[in-house]
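Each chain, written out:
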Amino acid sequence: EGRALSATTALLEWRTATEHDNDYFTVERSTNGQDWDPVGVQDGAGNSATELSYSMVDRAAPGGLCYYRLRQTDLNGTSIWSDVVPVRFSEAVDNRPFAYPNPSDGPVVVVLPDELDDALGFALVDGNGTSIPVGFHKIGPGRYRVDPGPVPSGTYLLQATRPSQELAYSIRIV
């Protein structure tokens, strides 16, 4: 099964009842249901008589509607494919801004729902209300890569402002 976590991130989960000579799984993604690209590889258990659960996060989905399938490969190189699972991404869940990855100890991607193309700046606000300007650059419509730089670990509000200096959005990040 699969579900969107953000506009370009999907969580894929699967279970096996038993495994016999299972070498590995490959999660594959397609935007048209015909051409498939590998997302990642997860080692199998080899042999197991108990139910096992697996998961993988696709952090580079192109958004829109994507199709996923699982290729299971045995130790002898034989592969079988699962049924195809569709995952629909939206630009912002419930039309709210979001940042990913979150939590993060480095740069984050910020997605703003109204495609705020005129963002003047971003700032982190700590628990004491201190505003710290942060570097950013636009990577697409309503999408910005924001680099907070070296700040102490903690919870912050990431604020986006418009050229008029009015606050456009606040996003809680860790």
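Residues numbered from 1 in each chain as written. Predicted model: local features only at pLDDT ≥ 70, side-chain atom pairs only at ≥ 80, totals over all residues. Heavy atoms only, no water.

### Remarks on the overall build of the chain
Point 1. A count of helical and extended segments in the chain gives zero helices and 15 strands.
Point 2. Here the chain, with 174 residues, has 39% of them falling under the buried criterion.
Point 3. Long-range contacts, defined as pairs at least 24 residues apart, comprise 55% of the intrachain contacts of the chain with a sequence gap of at least 6.
Point 4. Of the roughly 9,800 Å² of accessible surface on the chain, a fraction of 49% belongs to carbon and sulfur atoms. (Helix = DSSP H or I, 4+ residues; strand = E, 2+ residues; numbered from the N terminus. Buried < 20%, exposed > 50% of the residue type's maximum accessible area, 1.4 Å probe, protein only. Contact = heavy atoms within 4.5 Å. Areas by Shrake-Rupley, 256 points an atom, 1.4 Å probe, with all protein chains shown as cover.)

### Let's talk about the pairing of strand S11 (residues 121-125)
Point 1. Of all five residues in S11, five are buried, a share of seventy percent or more.
Point 2. Side chains Gly121, Ala123 and Val125 project from S11 onto one buried face, and the interleaved Phe122 and Leu124 project onto a second face that is buried too.
Point 3. When S11 meets strand S14 (residues 156-161), the two strands line up antiparallel, connected through five bridges. What sits directly across from Leu124, in S14, is Leu158.
Point 4. Hairpin connection between S11 and strand S12 (residues 131-140): a loop of five residues separates the two successive antiparallel strands, and Gly129 in this loop has a positive phi of roughly 90°. (Pairing = 2+ DSSP bridges.)

### Description of the side chain of Arg29
Point 1. Residue position: Arg29 is located in strand S3 (residues 19-30).
Point 2. A polar contact is formed between the side chain of Arg29 and the side chain of Asp58, at a distance of 2.5 Å.
Point 3. Not counting chain neighbours up to four residues away, the residues in contact with Arg29 comprise Asp35, Trp36, Asp37, Val39, Asp58, Ala60, Ala61, Pro62, Cys66, Tyr67 and Tyr68. (Polar contact = N/O pair within 3.5 Å; in protein donor to acceptor, adjacent residues only side chain to side chain.)

### A short note on the pattern of salt bridges
Point 1. In total, this model carries three salt bridges according to the counting rule given.
Point 2. Two residues, Glu28 and Arg71, come together in a salt bridge whose shortest N-O distance is 3.3 Å. Placement of the pair is Glu28 in strand S3 and Arg71 in strand S6 (residues 65-74), with a sequence separation of 43 residues.
Point 3. In this structure, the salt-bridge partner of Asp58 is Arg29, at a minimum N-O distance of 2.5 Å. (Salt bridge = Lys/Arg side-chain N within 4 Å of Asp/Glu carboxyl O.)

### Description of the confidence of the model for the chain
Point 1. In this model, the chain carries a mean pLDDT of 83, and residues with pLDDT of at least 70 account for 85%.
Point 2. Per-residue pLDDT, averaged within each element of the chain, yields its smallest value for strand S15 (residues 167-173) (67) and its largest for strand S7 (residues 79-81) (96). (pLDDT = per-residue confidence, 0-100.)

### A word on the layout of surface pockets
Over the atoms, a rolled probe matching the size of one water molecule traces out where space is still vacant.
Point 1. Taken as a whole, the second largest pocket spans an internal volume of roughly 190 Å³.
Point 2. For the second largest pocket, the lining is made up of 11 residues, of which Ser6, Ala99, Tyr100, Pro101 and Asn102 are closest to its centre.
Point 3. Broken down by class, the residue content of the lining of the second largest pocket amounts to seven nonpolar, three polar and one charged. (1 Å grid on protein atoms, 1.4 Å probe; cavity = no way out; pocket = protein on both sides within 12 Å on 5 of 7 lines; lining within 4 Å. Points joined across faces, edges and corners; volume = space filled by probe spheres on them. Nonpolar A, V, L, I, M, F, W, Y, C, P; charged D, E, K, R; others polar.)

### Thoughts on the sheet that holds strand S2 (residues 10-16)
Point 1. Taken together, three strands build an open sheet; the order of strands is S1-S2-S5 and the sheet is antiparallel. The open sheet terminates on both sides in strands that have one partner only, identified here as strand S1 (2-4) and strand S5 (52-58). Each neighbouring strand pair of the sheet contributes to a mean axis angle of 15°, computed without reference to strand direction.
Point 2. Pairing of S2 with S5, which is carried by seven bridges, proceeds in the antiparallel orientation. Counted as the bridge partner of Leu11 is Val57 from S5. (Axes fitted to C-alpha atoms, helices over the stretch in contact; angles between N-to-C directions.)

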